[in-house]
Amino acid sequence: MGRASVPRPMKAWKGPDPGEPDHSADDPAARSETIKAIEDAGIDLDPLPPGHHRHGADVHEHDHPHPHVRSEGGEPPVIGIIGAGAVGTALGVALTRAGWRVHAVASRDAGRRERFRSLVEGSRAFSEPTALVEEVELIIVAVPDDAVAEVASGIRMYGGQAMVHTSGVLGPEILAPATAAGTQIGSFHPLVAFADMERAISALHGATVAIEGDDQLAALLAEMAEALGAIPVRLAPGAKAAYHAAAVLAAGGFVALLDAIAELGRVAGLDEAGALAIYGPLIEQTLGNARALGIQAALTGPMTRGDRGTLDAHLAALREHAPGVLDLYMAAAEREIALAEARGALTPEAARNLRSSLATPV
Ligand SMILES: NC(=O)c1ccc[n+]([C@@H]2O[C@H](COP(=O)([O-])OP(=O)(O)OC[C@H]3O[C@@H](n4cnc5c(N)ncnc54)[C@H](OP(=O)(O)O)[C@@H]3O)[C@@H](O)[C@H]2O)c1
């Protein structure tokens with residue numbers, strides 16, 4: 001992974017065709033051929049006369065440009081966000097504060113819609129995505145990973161629009177069902193833990209945002225990331241799942257580790273706040289050492305010294321008082337022994353002794 005290799009951010013959103021409605025099905029020849037094939041198959045799709053188009057259940061007799069709300073030349077695109085959850089709401093607020101125009105949100109939940117509207121001044125709230133797509137130029141899909149395909153399959157974009165999702169593991173192609181001629185798809189994944197809105201917005205400063213999309217869209221997304229104070233990066237093809245798994249270890253995995261530390265702290269008579277107060281500085285010092293010296297050199301503890309007696313004492317205490325932490329401790333110890341060996345801190349015999357303690361049955 002390297003710093004974004006995208007071209008310099010462009011100054012304004014120039015979608016591929018920001019003019020007239022541009023669905024491929026509007027090509028008269030292709031359209032009549034398709035309709036004939038459908039009729040031959042005995043399917044009545046109630047096709048609209050030329051020049052007409054639908055807005056949900058309503059039929060408009062005359063074409064008019066979509067989306068309805070457009071950016072002026074020199075301005076960033078008008079944004080709509082699908083999903084008023086943790087990421088959608090925080091991005092809506094952060095982008096608005098950065099001067100980008102967040103015009104609409106789509107959320108199925110009335111309470112979340114209202115919250116979004118109160119946080120993002122002037123925004124419109126829709127209960128379903130189709131109405132939002134009529135309005136905006138850049139659509140951000142911020143729904144759970146497993147719901148992205150379903151959301152995309154219920155939408156058809158207009159020419160000139162772009163759509164991105166915020167998933168760290170899915171590629172842009174998951175949005176393909178929503179594409180039409182002259183549309184673009186991509187992804188915009190901030191490497192931030194969205195546990196609390198204001199803390200997440202602050203954390204966007206200096207965080208990386210992994211972006212995908214063709215060069216023009218990627219340039220726009222890079223500009224959007226930079227407007228949030230973040231650093232845009234483009235990942236090597238095929239790297240996204242590993243990149244995201246590392247992020248999950250760094251966030252959720254680290255919280256699991258903290259939980260194990262707190263459980264052992266309870267055995268030692270500490271409550272959660274006490275454990276965080278005592279072990280927090282040690283964690284920060286270790287992170288500081290790793291940054292300054294490298295990961296291998298930051299390793300300390302019994303596994304670097306070959307202290308089998310200490311390891312045995314720990315294992316006995318865990319078996320007796322905190323059996324739920326044992327697997328995690330042993331998995332970490334395996335990795336520590338390998339690191340210490342690679343650093344040349346352990347003789348092969350010392351490493352063998354430590355491993356045989358780990359392999360000793362209860
Ligand atoms: N949380 C993080 O720290 C984090 C960090 C980076 C990226 N991401 C990514 O951002 C995306 C959103 O995550 P999140 O944490 O914001 O999730 P979230 O808080 O659970 O919010 C998800 C939103 O999507 C809506 N939604 C849920 N299921 C839906 C469905 N079947 N169809 C349509 N909408 C649906 C929700 O309901 P309503 O429509 O009812 O409002 C909610 O507004 C995910 O792809 C995630 O991987 C998350």
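Within every chain, residues take consecutive numbers counted from 1 along the sequence as written. In view of the model being predicted, local features appear only for residues whose pLDDT reaches at least 70, and side-chain atom pairs are presented and counted only at 80 or more, with totals across whole chains, interfaces and linings using the full set of residues. To get the side-chain values, all heavy atoms of the structure are used, and hydrogens and water are removed first.

### Describing the packing of helix α2 (residues 86-97) against helix α3 (residues 110-119)
Logical step 1: Orientation of α2 relative to α3, taken along the N-to-C sense of each, is 15 degrees, at an axis distance of 10 Å. Regarding the angle of α2 to α3, the classification is roughly parallel. Crossing hand, α2 versus α3: right-handed. For the pair α2 and α3, contact is made by Gly 88, Thr 89, Gly 92 and Val 93 and by Arg 115, Phe 116 and Leu 119, respectively.
Logical step 2: Note on residue classes: Ala, Val, Leu, Ile, Met, Phe, Trp, Tyr, Cys and Pro are nonpolar, Asp, Glu, Lys and Arg are charged, and everything else, Gly too, is polar. Each residue belonging to the contact of α2 with α3 can be placed in one class, and the counts come to three nonpolar, three polar and one charged. Only the contacting stretch of a helix is used when fitting its axis, a line to C-alpha atoms as for every element, and angles between N-to-C directions run 0 to 180 degrees. Secondary structure elements are taken from DSSP: a helix is a run of H or I of four residues or more, a strand is a run of E of two residues or more, and numbering for both begins at the N terminus. Put simply, angles under 35 degrees are roughly parallel, angles over 145 are roughly antiparallel, angles from 65 to 115 are roughly perpendicular, and the rest are oblique. Helix crossings get a hand from a simple test, with the near helix turned counterclockwise from the far one by less than a right angle marking a left-handed crossing and a clockwise turn marking a right-handed one. Here, two residues are considered to be in contact whenever any of their heavy atoms come within 4.5 Å of each other.

### Observations regarding the pattern of salt bridges
Logical step 1: By definition here, a salt bridge exists when the distance from a side-chain nitrogen of Lys or Arg to a carboxyl oxygen of Asp or Glu is within 4 Å. Throughout the structure, instances matching the rule amount to eight salt bridges.
Logical step 2: Between Glu 212 and Lys 240 there is a salt bridge, with the nearest N and O atoms lying 2.8 Å from each other. Residue Glu 212 is located in strand β10 (residues 208-212), and its partner Lys 240 is located in helix α8 (residues 240-267); the two are separated by 28 residues in the primary sequence.
Logical step 3: The residue Arg 234 makes a salt bridge to Asp 215 at a minimum N-O spacing of 3.2 Å. Taken together, the residues span a long stretch of sequence, with Arg 234 in strand β11 (residues 231-234) and Asp 215 in helix α7 (residues 215-227) at a distance of 19 residues.
Logical step 4: Given the relative accessible area of 48%, Asp 215 is considered partly exposed. Between buried and exposed lies partly exposed: a residue is buried under 20% and exposed over 50% of the maximum accessible area for its type, with that area taken using a 1.4 Å probe on protein chains only.

### So, helix α12 (residues 308-321)
Logical step 1: Helix span, expected: 1.5 Å multiplied by one less than the number of residues in the helix. Spanning 14 residues, α12 covers 20 Å between terminal C-alpha atoms, matching the ideal 20 Å at 1.5 Å per step.
Logical step 2: Considered for burial, the residues of α12 that qualify are Leu 311, Leu 315 and Leu 318. When α12 is viewed along its axis, its buried side chains cluster within an angular range of 65 degrees and face the same direction. The outward face of α12, more than 90 degrees from its buried face, is lined by the exposed residues Gly 309 and Glu 320.
Logical step 3: Residues of α12 that are buried sit in contact with α8, α11 (302-305), α13 (323-343) and α14 (348-359). The directions from the helix axis to the C-beta atoms are what the arc is built from.

### What about the site of the ligand?
Logical step 1: We call a residue near a given molecule or strand whenever any one of its heavy atoms falls within 4 Å of it. Around the ligand, the structure places 23 residues, and the nearest of them are Val 87, Ser 107, Arg 112, Asp 145 and Thr 166.
Logical step 2: At 2.8 Å from an oxygen atom of the ligand is found a main-chain nitrogen or oxygen belonging to Val 87.
Logical step 3: One of the side-chain nitrogen or oxygen atoms of Asp 145 is found 2.5 Å away from an oxygen atom of the ligand.
Logical step 4: A 1.4 Å probe and the Shrake-Rupley method give the accessible areas. Residues count as covered only by the protein chains that appear here. Here the ligand has 890 Å² of accessible area as a free molecule, and 75% of this is covered by the chains.
Logical step 5: At the level of elements, α2, α5 (145-153) and β9 (184-190) are the ones that each hand at least two residues to the shell around the ligand.
Logical step 6: A total of four residues in the shell around the ligand trace back to one element, the largest contributor, which is α5.
Logical step 7: Partitioned by chemical class, the residues of the shell around the ligand number 12 nonpolar, six polar and five charged. N or O atoms within 3.5 Å of each other form a polar contact, as long as, within protein, one can give a hydrogen and the other can take it, and as long as residues adjacent in sequence are counted only when both atoms are side-chain atoms.

### Focus: the pairing of β10
Logical step 1: The buried count for β10 comes to four of five residues, which makes it a mostly enclosed element.
Logical step 2: Pairing between β9 and β10: four bridges, direction antiparallel. Each bridged residue has a counterpart across the sheet, and for His 189 the counterpart in β10 is Ala 210.
Logical step 3: Here a strand pair is declared whenever DSSP counts at least two bridges between the two strands. Of the pairings in the sheet, the one linking β10 to β11 comprises three bridges and is parallel in character. Bridged to Thr 208 within β11 is Ile 231.
Logical step 4: The handedness rule is simple: strands pointing away from the viewer, and a clockwise path from the first strand over the helix to the second, make the crossover right-handed. Regarding topology, α7 serves as the crossover connection from β10 to the parallel β11, and that connection is right-handed.

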